[in-house]
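# A closer look at the structure
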Amino acid sequence: MEPTAVTLAVLAGGEGRRLGCLKTRLELSGRGILLDLIDRLDWPGPTVLVGHPDHPNPAGAYRFDQVVFDVEAAQGPMAGVLSAIEVCKTDGICVVGVDMVHLRRIHLERLLRAAFQRTATVAMWTTCSAGRRRIQPLPCWISQAAFAGVREYYRVGGRSLRGLLGLPGSRELAAPLDWPVNVFDGINTLRELAAVKGRIGSG
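A short tour of the structure in this document, coming up. For every chain, the first residue of its written sequence is number 1, and the numbers climb from 1 along that sequence. Local features in this predicted model are restricted to residues whose pLDDT is 70 or higher, and side-chain atom pairs enter the listing and the counts only when it is 80 or higher, whereas totals over whole chains, interfaces and linings include all residues. With hydrogens and water set aside, each side-chain value is computed from the structure's full complement of heavy atoms.

## Quick look at the overall build of the protein
Keep this limit in mind: Counting from the N terminus, the helices are DSSP H or I runs at least four residues long and the strands are E runs at least two residues long. Classification of residues uses two cut-offs on accessible area relative to the type maximum, computed with a 1.4 Å probe and protein chains only: under 20% is buried, over 50% is exposed, and between them is partly exposed. What makes two residues a contact is simply this: any of their non-hydrogen atoms within 4.5 Å. In these tables, accessible area is a Shrake-Rupley quantity obtained with a 1.4 Å probe, and a residue counts as shielded only by the protein chains included in the view.
A tally of helices and strands in the protein yields five helices and nine strands. Helices (α) and strands (β) of the protein occur, in sequence order from the N terminus, as β-β-β-α-β-β-α-β-α-β-β-α-β-α. Across the 203 residues of the protein, 51% fall into the buried class. Residue pairs at least 24 apart in sequence account for 71% of intrachain contacts in the protein once pairs closer than 6 positions are excluded. Summing over all exposed atoms, the protein offers an accessible surface of approximately 9900 Å²; the carbon and sulfur share of this is 50%.

## A short note on the sheet that holds strand β5 (residues 66-69)
Heads up, the rule is: Pairs of strands are assigned from DSSP output, requiring at least two bridges between the strands. In this analysis an axis means a line fitted to C-alpha atoms, helices contributing only their contacting stretch, and an angle means the value between N-to-C directions, from 0 to 180 degrees.
The sheet built from seven strands is open, its strands ordered β5-β4-β1-β6-β8-β7-β9 with mixed pairing. Of all strands in the sheet, those with a lone pairing partner are β5 and β9 (170-174), marking the two edges. Strand after strand, the sheet turns through a mean of 30° between neighbouring axes, direction not considered. Of the pairings in the sheet, the one linking strand β7 (residues 122-129) to β9 comprises five bridges and is parallel in character. Residue Met124 lies in a different strand from β9, and its bridge partner there is Glu172.

## Here's the deal with unusual backbone geometry
Most peptide bonds take the trans configuration, and most residues that are not glycine carry a negative phi. Here the amide bond leading from Leu138 into Pro139 is cis, since omega sits at 0°, within 30 degrees of zero. With respect to the helices and strands, Pro139 occurs in strand β8 (residues 132-143). Unusually for a residue other than glycine, Asp42 sits at a positive phi of about 45°. As for its position among the elements, Asp42 is in the loop between α1 (33-41) and β4 (47-51). Although it is not a glycine, Thr119 adopts a positive phi angle of roughly 45°. Relative to the helices and strands, Thr119 resides in the loop between α3 (105-117) and β7. Among the residues examined, Thr119 registers a relative accessible area of 59% and is labelled exposed.

## Quick look at the pairing of strand β6 (residues 92-97)
With six of its six residues buried, β6 lies for the most part within the structure. Here β6 shows a buried face lined by Gly92, Cys94 and Val96 and a second buried face lined by Ile93, Val95 and Gly97. With four bridges connecting them, β6 and β8 associate as antiparallel partners. Note on β8: the bridge partner recorded for Gly92 is Ser143.

## Quick notes on the state of the cysteines
Defined as follows: The rule for a disulfide is simple: a pair of cysteine sulfur atoms within 2.5 Å.
Counted according to the given criterion, the structure contains zero disulfides. Looking at the unpaired Cys140, the closest cysteine sulfur is the one in Cys94, lying at 7.2 Å. Its relative accessible area of 0% is what places Cys140 among the buried residues.

What follows is the structure, given as structure tokens:
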């Protein structure tokens, strides 16, 4: 599956309560987090930003092909996913969080390749640490074939991204063991933000 046939959907509608500000207002290396993300991923296909209606034009939004907003406020990431699939015109969407500062394009391309090989309608990575297996809800692949199921899942109250793995044709994919342990991490607290800035500053 070629990235050009997949829409990159960036979820950026979270209010960032533990951070004290919207995540789209964060800066890394002196520039907005959206610019850092869009340059780092360098996505060749369509891009859509799912933002917060109270901050409709964050720094870096102009780099996206489309900007939409959560279908409902305070309903978590699933509301953003629903908004993204409603404007998708490609084979499907690859969903990431705006705060996934360790993510690279290769991680998304590997996800799409594995999903295609397994004919997955929905795909998420799983990791294993200290003998415990964990589903990583982001990044995830959602195909056009699953869109109707996603809408129904949301309609009946589904709000967990991991719950999408209950849809027909969904697949859990074992993440490569040589990937960095922090590749799936986001920024949710001031301590995590300070740690990320410290690593960037020391690099």
